[in-house]
Amino acid sequence: MSDTPTDSPPDRLSNDPRSPFHDETLLERGIGIRFNGIERHNVEEYCISEGWVRMAMGKSLDRRGQPITVKAKGTVEAWFLLPPDASENAPD
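Since the model is a prediction, treat every value here as computed from it, not as a measurement.

Visitor: Mind laying out the overall build of the chain, listing which residues take part and the relevant values?
Guide: When you go through the chain residue by residue, the secondary structure sums to 2 helices and 7 strands. The linear arrangement of helices and strands in the chain, starting from the amino end, is β-α-β-β-β-β-β-β-α. Burial status across the chain gives 26% buried among its 92 residues. Roughly 6500 Å² of accessible area belongs to the chain as shown, and the carbon and sulfur atoms make up 51% of that amount.

This is the structure:
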């Protein structure tokens, strides 16, 4: 009997500011990703409905200075690390 909608991340989100799926306000809250049952910290982009993540491979960069990534398919779960109003009060 809750009046608040479920607080879940979007189906697709990217760290790359050039992507149409980039949303800075959502990224400020922090996104947790579990891929195939393992919590990952190197995910650059994900899509829950299509079941894939794009992960950075080490610290290598391409010629534009972006991380070199690989796309992997599997089960993707995403959640916010901070509540909606906590990101405004988060320390810098």
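That shown, we press on.
Visitor: Which residues make up a nonpolar patch on the surface, and what values go with them?
Guide: A cluster of nonpolar side chains, Met57, Ile68 and Val70, forms an exposed patch at the surface whose accessible area comes to about 230 Å². Looking at Ile68, the relative accessible area reads 38%, which means it is partly exposed.

Visitor: Quick one: what's the story with the sheet that holds strand E2 (residues 31–35), residue by residue and with numbers?
Guide: Spatially, 3 strands are ordered E3-E2-E7 in an open sheet, and the strand pairing comes out antiparallel. The strands lining the two open edges of the sheet, one partner per strand, are strand E3 (38–40) and strand E7 (76–80). In this sheet, adjacent strand axes meet at a mean angle of 30° when their direction is disregarded. Of the strand pairs in this sheet, E2 and E7 are connected by 5 bridges, and their pairing is antiparallel. Residue pairing in the sheet places Arg34 in a bridge with Glu77 of E7.

Visitor: Go over the nonpolar core, please, and point to the residues and values.
Guide: Leu13, Leu26, Ile33, Phe35, Val43, Tyr46, Val53, Met55, Ala72, Val76, Ala78 and Phe80 form the largest nonpolar core, which has 12 residues in total. If one sorts the elements of this core by residue count, E7 sits on top with 3 residues. Apart from the residues within four sequence positions on either side, Phe80 is in contact with Asp7, Ser8, Pro9, Leu26, Arg29, Gly30 and Ile31.

Visitor: So what's going on with the environment of Leu13? Residues and values would help.
Guide: Along the chain, Leu13 turns up in strand E1 (residues 12–14). Remark: the alpha-carbon pair of Leu13 and Leu27, spanning 14 residues in sequence, is separated by 8.6 Å. Apart from the residues lying within four places of it in its own chain, the contact partners of Leu13 are Phe21, Asp23, Leu26, Leu27, Ile31, Glu44, Glu45 and Tyr46.

Rules of the game
- Residues numbered from 1 in each chain as written.
- Predicted model: local features only at pLDDT ≥ 70, side-chain atom pairs only at ≥ 80, totals over all residues.
- Heavy atoms only, no water.
- Helix = DSSP H or I, 4+ residues; strand = E, 2+ residues; numbered from the N terminus.
- Buried < 20%, exposed > 50% of the residue type's maximum accessible area, 1.4 Å probe, protein only.
- Areas by Shrake-Rupley, 256 points an atom, 1.4 Å probe, with all protein chains shown as cover.
- Patch = residues over 30% accessible without salt bridge, like charges linked within 9 Å, V, L, I, M, F, W, Y side chains within 5 Å.
- Salt bridge = Lys/Arg side-chain N within 4 Å of Asp/Glu carboxyl O.
- Pairing = 2+ DSSP bridges.
- Axes fitted to C-alpha atoms, helices over the stretch in contact; angles between N-to-C directions.
- Core = buried A, V, L, I, M, F, W, Y, C linked by side-chain atoms within 4.5 Å.
- Contact = heavy atoms within 4.5 Å.

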